[in-house]
Amino acid sequence: MVQRADKGGVAEWSNALVLKTRVSQGTVSSNLTPSAVKKIMVFGTFDMIHAGHEALFSAARSLADEACLIVSVARDTNVTRIKGRVPRNGEVDRLAAVAAHALVDRAVLGDERGYVAHIVREAPDVIALGYDQEGEYVDSLVTDLAAAGLSVEIVRLSAHEPHTYKTAKLLPHPDGA
C-alpha cells in the first residue's frame, strides 16, 4: 500500500511495489489505453547504477498502476558545478547505462542550463525525488514548474539502505571528492 502525507507541496511515499506493464514507443502492452499511463520522472547523476538506484526506479514506478518511467541524467557540466567534481563517467555513457536498465522506459539528458525545459518537453504527470535530492533545483521546483505552466505532482521517495547504497561509497572518485 502506498501512503502519502503532504509536506509543503511535496508528498511523501513509501517504497510499495506494484507489478508494472512496460510502455514502449507510446504503446502499452495491456488492454489499458495510453491515457491510463502515468509518466513519472526521476533525476540523478547515475555514475554507476546500484541497488539504491534500482530501488528508486522501482519506487517511482510503483506510484502508478501503469507507469512510464523517464529518467533524467545530469549533464557533465551540471554535475561538476553542483558536486564540485567531474563525474567518473561521461554523460553519454551514463545515459546509455540508464537507458539499458530494465526498469527504465526512457532516458534523457537534462538541460545544459537550468532544468525546466526538458521537464516541459517530457510533460511528466509525477516527479519523484530521491530521499537525498536537495539544492537549487529542488528548492524552486514547485515555483518553476508553475511558472512554466506545468501541473505536476511532486513526491519524495524514501531511502533504500542509504548508508550502503551511495555511489560515493561504492565507487570513490579518483580525485577524492
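Keep in mind it's a predicted model, so treat the numbers as computed, not measured.

### Observations concerning the packing of aromatic side chains
Applying the stated criterion across every chain yields a total of two aromatic pairs. With a centroid separation of 4.6 Å and 45° between ring planes, the pair formed by Tyr-115 and Tyr-137 is classed as tilted. Here Tyr-115 is found in the loop between strand 7 (106-109) and helix 4 (116-122), whereas its partner Tyr-137 is found in helix 5 (residues 136-139), with 22 residues between them in sequence. Residue class for Tyr-115 comes out buried when judged on its relative accessible area of 11%. Since its relative accessible area comes to 22%, Tyr-137 is described here as partly exposed.

### Focus on the environment of Asp-105
Mapped onto the secondary structure, Asp-105 falls in the loop between helix 3 (91-99) and strand 7. Taking the C-alpha atoms as reference points, Asp-105 and Ala-67, separated by 38 residues in sequence, lie 8.9 Å from one another. One polar contact links Asp-105 to Arg-61, side chain to side chain, over a distance of 2.6 Å. Polar contacts involving the side chain of Asp-105 include one to the main-chain amide nitrogen of Leu-69, which spans 2.7 Å.

### Focus on the pairing of strand 8 (residues 126-129)
Side chains Val-126 and Ala-128 project from strand 8 onto one buried face, and the interleaved Ile-127 and Leu-129 project onto a second face that is buried too. Looking at chain direction, strand 5 (residues 38-44) and strand 8 are connected through two bridges and run parallel. Within the sheet, the bridge partner assigned to Ile-40 lies in strand 8 and is Val-126. Both strand 8 and strand 9 (residues 153-157) contribute to a ladder of four bridges, which runs parallel. Counterpart to Ala-128 in the pairing with strand 9 is Val-155.

### Side note on the side chain of His-118
As for its placement among the helices and strands, His-118 is situated in helix 4. Take His-118: its relative accessible area is 4%, and that puts it in the buried class. Among the polar contacts listed, one links the side chain of His-118 to the side chain of Ser-72, at a separation of 2.7 Å. Filtering out sequence-adjacent residues up to four positions away, His-118 remains in contact with Met-41, Phe-43, Ser-72, Val-108, Leu-109, Gly-110 and Asp-111.

### What about the pairing of strand 6 (residues 67-73)?
With seven of seven residues buried, strand 6 is to be regarded as a mostly interior element. Here strand 6 shows no split at all, with Ala-67, Leu-69, Val-71 and Val-73 on one side and Cys-68, Ile-70 and Ser-72 on the other all buried. Sheet analysis places strand 5 next to strand 6, joined by seven bridges and oriented parallel. If you follow Lys-39 over to strand 6, its bridge partner there is Cys-68. Sheet analysis places strand 6 next to strand 7, joined by four bridges and oriented parallel. Note that in strand 7 the partner of Val-73 across the bridge is Leu-109.

### Description of the pattern of salt bridges
Tallying each qualifying case throughout the model produces six salt bridges. The partner of Asp-76 in a salt bridge is Arg-94, with the nearest N and O atoms 2.6 Å apart. You can see Asp-76 sitting in helix 2 (residues 76-83) and its partner Arg-94 sitting in helix 3, a full 18 residues away along the chain. Given a relative accessible area of 24%, Asp-76 falls into the partly exposed group. Arg-94 gets classed as buried once you look at its relative accessible area, which sits at 1%. A single network of salt bridges, built from pairs that share partners, joins Arg-75, Glu-91 and Glu-112.

What counts and what doesn't
- Residues numbered from 1 in each chain as written.
- Predicted model: local features only at pLDDT ≥ 70, side-chain atom pairs only at ≥ 80, totals over all residues.
- Heavy atoms only, no water.
- Phe/Tyr/Trp six-rings, centres within 6.5 Å; stacked < 30°, edge-to-face > 60°.
- Helix = DSSP H or I, 4+ residues; strand = E, 2+ residues; numbered from the N terminus.
- Buried < 20%, exposed > 50% of the residue type's maximum accessible area, 1.4 Å probe, protein only.
- Polar contact = N/O pair within 3.5 Å; in protein donor to acceptor, adjacent residues only side chain to side chain.
- Pairing = 2+ DSSP bridges.
- Contact = heavy atoms within 4.5 Å.
- Salt bridge = Lys/Arg side-chain N within 4 Å of Asp/Glu carboxyl O.

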